[in-house]
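Examination of the molecular architecture
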Amino acid sequence: MTETRQDMAVSESETAPPRPLPRWLGSASDRAALLVWFFWHVGTYIYMVLAAPGRTEAPMLDRLTPWDADNFIIIAEWGYDGSPGMTDAPKLAAFFPGLPFVLRILHWVIEDWSLAIVLVSLVASAVVAVALSRLSDSYREGTGTWTVIAFFLSPFAVFLLAGYSEAPFLALAIPAWLLARRGKWEQAMVVAALASSIRISGLFLALGLAVMFLTAENGLRARGWRTLPWLVVPGLPVVAYMVFQWTRTGDWMEWKNVEAEYWGRYAEHPWQTLLNTWNRSLEEGALQTSYREEILAAAVLVALIVWQLVRRRWAESAYLVPQAVALLAMSSFYMSVGRASLLWWPLYIAVGLTGARRPWVFMLYVGIAAPVMAINVGNFTTGAWVG
């Protein structure tokens, strides 16, 4: 008996492979990363609403743009001389121009500065989610989603929500690292240069990339010395910014000097820095939890560096060690160590890789990190400092 055309069509439809999705939708791993990013934002915004009663009546955007965010906005609107009548305008030199430049461009279409900087963090954190997932998969396939979840549950993930520089920096730094792992060195250095225009952390990124180039199979041994000059590219925005500040103030290191003057960031013995932070946690009751979180973050950084060295991950170590020096020995007390932990992507990759093999370890991490993250979201968005 012969089949009808309708029967043949049904039979073919049952055996035909599913039609692939358009390339612009990315891979399944990319889509999973974006779902984590989306639902994390939904959850944190809900928590912001629930945390507000009795603690703050400030508008949502104001709660997401305090302190550093306000400084970025002032630079974007008025420049490094500050707004009219601003008495502490010299401190603005501590903030690199990359993010204010982006805000200035966005202002052509988004009039509200606060909305613009929050949208930058929103979009940048989406880029971070996908890039971090791909980077984790480059170490071990199938671990990307675990790593992204670990990242967004960081105790200090609120700075991905607020108008700060962490998300824009990571949206460039992680793709640069991924490009380098794939042997695309020229592109990696250009992207890293863009990251350097946002934070001085770009120099730490540059050092890590340089060590990767010297040690990786697809680096110096494959490309030869002709690629070596590209390693200086990430440092060019920093040099340009130093020249700019010299033309304004006559000081090449103006950005560093104002950090010492306004935030107490000057060289100190590491043990004294630790002691100073502990004493502050005892003397300043309102910031006790914040200072102790800083101490715990510092301990995590030291342990992470030791782990990377044991695993002989030289590039990751070269990226992390200068951060430890800057955060733990170039400041009179621990400041923004917790916030800087968002930049330690080897930490979240380690959690993701371990969690994929040992789910109980991942559950332990979630059980500790998620409540702290939620509390810090509530505290930061109601006027308290965290990290």
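All residue numbers refer to positions counted from 1 along the written sequence of the respective chain. With the structure being a predicted model, the display of local features is reserved for residues of pLDDT at least 70 and the display and counting of side-chain atom pairs for 80 or more, all residues being used for whole-chain, interface and lining totals. The side-chain quantities take in all heavy atoms of the structure and omit both hydrogens and water.

**Regarding empty space enclosed by the protein**
Under the convention used in this document: Here the term cavity refers to a set of points on a 1 Å grid, laid over the protein atoms alone, in which a 1.4 Å probe fits but cannot get out; the term pocket refers to an open set having protein on both sides within 12 Å along at least five of seven lines, with lining residues being those that place an atom within 4 Å of a point. Grid points are joined across faces, edges and corners, and a volume is the space filled by probe spheres set on the points. We count a stretch as a helix when DSSP gives it H or I for four or more residues in a row; a strand needs E for two or more, and each element gets its number in order from the N terminus. Residues are sorted three ways: Asp, Glu, Lys and Arg are charged, Ala, Val, Leu, Ile, Met, Phe, Trp, Tyr, Cys and Pro are nonpolar, and all the rest, Gly among them, are polar.
Scanning all chains against the criterion turns up one cavity of 30 Å³ or more. In this structure, the largest cavity encloses a volume near 30 Å³. Among the elements that make up the lining of the largest cavity, the one with the highest residue count is helix α19 (residues 345-357) (three residues). By residue class, the composition of the lining of the largest cavity is four nonpolar, one polar and two charged.

**Observations concerning unusual backbone geometry**
You will see that W67, though not glycine, has its phi angle at about 55°, which is positive. With respect to the helices and strands, the residue W67 is situated in the loop between α3 (60-64) and α4 (68-78). A positive phi is found at S336, a non-glycine position, where the angle reads about 65°. Mapped onto the elements of the fold, S336 is located in the loop between α17 (314-329) and α18 (337-340).

**Some thoughts on the pattern of salt bridges**
Our working rule: Basic side-chain nitrogens of Lys or Arg form a salt bridge, by our definition, when they fall within 4 Å of a carboxyl oxygen of Asp or Glu. Only protein chains enter the accessibility calculation, which uses a 1.4 Å probe; a residue whose area is less than 20% of its type maximum is buried, one above 50% is exposed, and one in between is partly exposed.
One pass over the full model with this rule turns up 10 salt bridges. We note a salt bridge from R248 to D81, for which the minimum N-O separation is 2.8 Å. Of this pair, R248 sits in helix α13 (residues 236-249) while D81 is found in the loop between α4 and α5 (98-106), placing the two residues 167 residues apart along the sequence. Between E259 and K256 there is a salt bridge whose closest N-O contact spans 3.9 Å. Of this pair, E259 and K256 are both found in helix α14 (residues 254-263), three residues apart, which corresponds to roughly one turn of the helix. Neither E259 nor K256 differs from the other in exposure class; each is buried. Residues joined in a network through salt bridges with shared partners are D68, E166, R199 and R339.

**Quick word on the confidence of the model for the chain**
Note the cut-off: Along the chain, pLDDT gives the predictor's confidence residue by residue, from 0 to 100. By definition, residues are in contact when any of their heavy atoms lie within 4.5 Å.
Taken residue by residue, the chain gives an average pLDDT of 92. The fraction at 70 or more is 93%. This stretch, residues 8-13, has a pLDDT under 50; its non-local contacts, to residues over four places away or in other chains, come to one contact.

**Re the packing of aromatic side chains**
Selection rule: Centre distance within 6.5 Å is the pairing criterion for rings of Phe, Tyr and Trp, where only the six-membered ring of Trp is used; planes under 30 degrees apart are then read as stacked, over 60 as edge-to-face, and the remainder as tilted.
As enumerated under the stated definition, the model contains 27 aromatic pairs in all. With a centroid separation of 5.8 Å and 85° between ring planes, the pair formed by F95 and W263 is classed as edge-to-face. Remark: W263 occurs in helix α14 and F95 occurs in the loop between α4 and α5; sequence separation between them is 168 residues. When the ring of Y164 is compared with that of F380, the centres are 5.9 Å apart and the planes differ by 75°; the resulting orientation is edge-to-face.

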